[in-house]
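Understanding the architecture of this molecule
Chain residues, written in single-letter form:
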Amino acid sequence: MGGWRDMSAEALEDQYSPSRWSPRLDRDTIIDAHLAVTAAGTERARASAQTSLHVPYGKGDGEKLDIYFPTDHSGTFPVLVYIHGGYWQCLSPQLAPTAPGPHSLSASLFPSKDESGFAAPPLVSQGVAVVAVGYDTAPRGHMDTMVLQVRRSLAFLVEQYPEIRGIYLCGHSAGAHLAAMVLFTDWTEFHVVPDIKGAVLVSGVYDLEPILHTYVNDALNMSREVAQRNSPMRHVAPAVPAACEVLVVVAQHDSPEFRRQSQEYSQALRAAGWSVSLLDLASVDHFDVIEKLSENSYILTQVILNMISRA
């Protein structure tokens with residue numbers, strides 16, 4: 001198979017339509033099912049953990065954090081910062097196509113921080129705080145703005161919560177892209193340097209150029225320059241001694257293009273001297289690969305806890 005540039009428009013749309021590739025559910029129901037699972041998991045987390053919800057880290061409507069504190073947070077504690085996916089955009093029912101095609105976006109709201117606390121229970125029980133980051137998705141938000149917002153959210157956490165000892169990024173899909181962009185931040189302008197000890201990048205997109213040629217860019221309205229400026233693949237820098245550990249995760253039932261992007265990004269990091277592992281998870285798709293973080297026994301939950309315990 002040739003590269004993405006050799007694909008037909010229809011084939012490229014398929015490759016960047018994650019709901020097309022799940023063997024569990026059809027493309028018309030899987031996103032709604034995903035939102036239902038993560039929303040229910042977040043409700044359980046909020047009922048069982050001490051929380052601070054909708055904490056503003058800036059003036060934008062989307063610039064808010066949900067914080068789930070560990071069971072015992074009398075001293076210092078590590079924090080997992082979770083960045084949700086949803087193709088960087090929000091589509092309300094009013095904006096949904098009247099006659100959805102095979103690649104149209106779901107008429108449901110896309111994920112937000114309000115459905116992003118589902119992973120908290122197994123972590124807070126082991127002394128790890130979880131922070132779900134909100135950001136202004138398209139069409140309100142621009143790609144440059146989203147990247148800046150996530151960076152600013154980390155600076156805010158460092159300034160406001162001195163008891164944090166070590167930050168671990170975890171992003172899913174578009175959130176994995178944003179987490180990867182954080183790794184190559186010049187923190188000078190923020191006047192703080194977050195102690196990022198690890199990054200878990202789940203089923204992400206690290207080169208945005210193919211996205212320009214799909215339905216995904218209808219709301220994002222990215223130019224080629226914007227896509228290149230915000231592509232982690234184009235900004236891999238040589239690892240410094242303080243560089244964090246990176247885990248790139250891909251699902252068996254992610255599309256071949258998603259799998260290629262994960263493989264090539266992990267290879268680029270390794271070539272630049274980063275401590276990076278590629279975890280290829282069997283029997284999961286683009287959606288339950290992250291949903292299962294609500295389970296104590298899930299392999300990725302255990303890998304994350306082991307990463308934090310080694311620090």
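Residues numbered from 1 in each chain as written. Predicted model: local features only at pLDDT ≥ 70, side-chain atom pairs only at ≥ 80, totals over all residues. Heavy atoms only, no water.

**Details of unusual backbone geometry**
Applicable threshold: Helix numbers and strand numbers start at the N terminus; a helix is a DSSP run of H or I with at least 4 residues, a strand a run of E with at least 2.
Of the consecutive residues A138 and P139, the connecting peptide bond is found in the cis state with omega at 10°. With respect to the helices, strands and loops of the structure, P139 is situated in the loop between strand 4 (129-133) and helix 4 (143-160).

**A closer look at the sheet that holds strand 1 (residues 51-56)**
Formally: At least two bridges found by DSSP between two strands is the condition for calling them paired. Geometry is summarised by axes, namely lines fitted to C-alpha atoms with helices restricted to the contacting stretch, and by angles between N-to-C directions that run from 0 to 180 degrees.
Here eight strands make up an open sheet; going across it, the order is 1-2-4-3-5-6-7-8 and the pairing mixed. Only two strands of the sheet have a single neighbouring strand rather than two, namely strand 1 and strand 8 (276-281). On average, adjacent strands in this sheet sit at an angle of 20° to one another, irrespective of strand direction. Bridge count between strand 1 and strand 2 (residues 64-68): four bridges; the pairing is antiparallel. What sits directly across from V55, in strand 2, is L65.

**Describing empty space enclosed by the protein**
Operational definition: The rule is simple: put a 1 Å grid over the protein atoms alone, call a set of points where a 1.4 Å probe fits but cannot get out a cavity, call an open set with protein on both sides within 12 Å along at least five of seven lines a pocket, and count a residue as lining if it has an atom within 4 Å of a point. Grid points are joined across faces, edges and corners, and a volume is the space filled by probe spheres set on the points. Nonpolar residues are Ala, Val, Leu, Ile, Met, Phe, Trp, Tyr, Cys and Pro. Charged residues are Asp, Glu, Lys and Arg, and all others, Gly as well, are polar.
Within this structure, the stated rule accounts for two cavities of 30 Å³ or more. Volume-wise, the largest cavity comes out at about 70 Å³. Taken together, H34, T38, Y82, H84, G85, P111, S112, E115, S116, F118, H172 and I290 make up the full set of residues lining the largest cavity. Among the residues forming the lining of the largest cavity, the class breakdown is four nonpolar, seven polar and one charged.

**Quick notes on the pairing of strand 7 (residues 245-251)**
Cut-off, in case you're wondering: Partly exposed describes any residue whose relative accessible area lies between the buried limit of under 20% and the exposed limit of over 50%, with all areas from a 1.4 Å probe on protein chains only and scaled to the type maximum.
Of all the seven residues making up strand 7, six are buried; the element is thus mostly covered by neighbouring parts of the structure. Looking at chain direction, strand 6 (residues 196-202) and strand 7 are connected through five bridges and run parallel. Note on strand 7: the bridge partner recorded for V202 is V249. Bridging between strand 7 and strand 8 involves six bridges; their strand directions are parallel. Across the sheet, L247 pairs through a bridge with S277, a residue of strand 8.

**Focus: the packing of aromatic side chains**
Definition in use: A pair of Phe, Tyr and Trp rings is counted when the ring centres sit within 6.5 Å of each other, with Trp represented by its six-membered ring. The angle between the planes then sorts it: under 30 degrees is stacked, over 60 is edge-to-face, the rest tilted.
Under the defined criterion, the tally for this structure stands at nine aromatic pairs. A ring pair is formed by Y206 and Y265, whose centres lie 4.4 Å apart and whose planes are at 10°; its orientation type is stacked. Linking Y206 in the loop between strand 6 and helix 6 (217-220) with Y265 in helix 8 (residues 256-271), this pair joins segments that are 59 residues apart in sequence. The exposure class of Y206 is buried, given its relative accessible area of 0%. Three or more aromatic residues joined by ring pairs make a cluster, and in this case those are F69, F77 and Y161.

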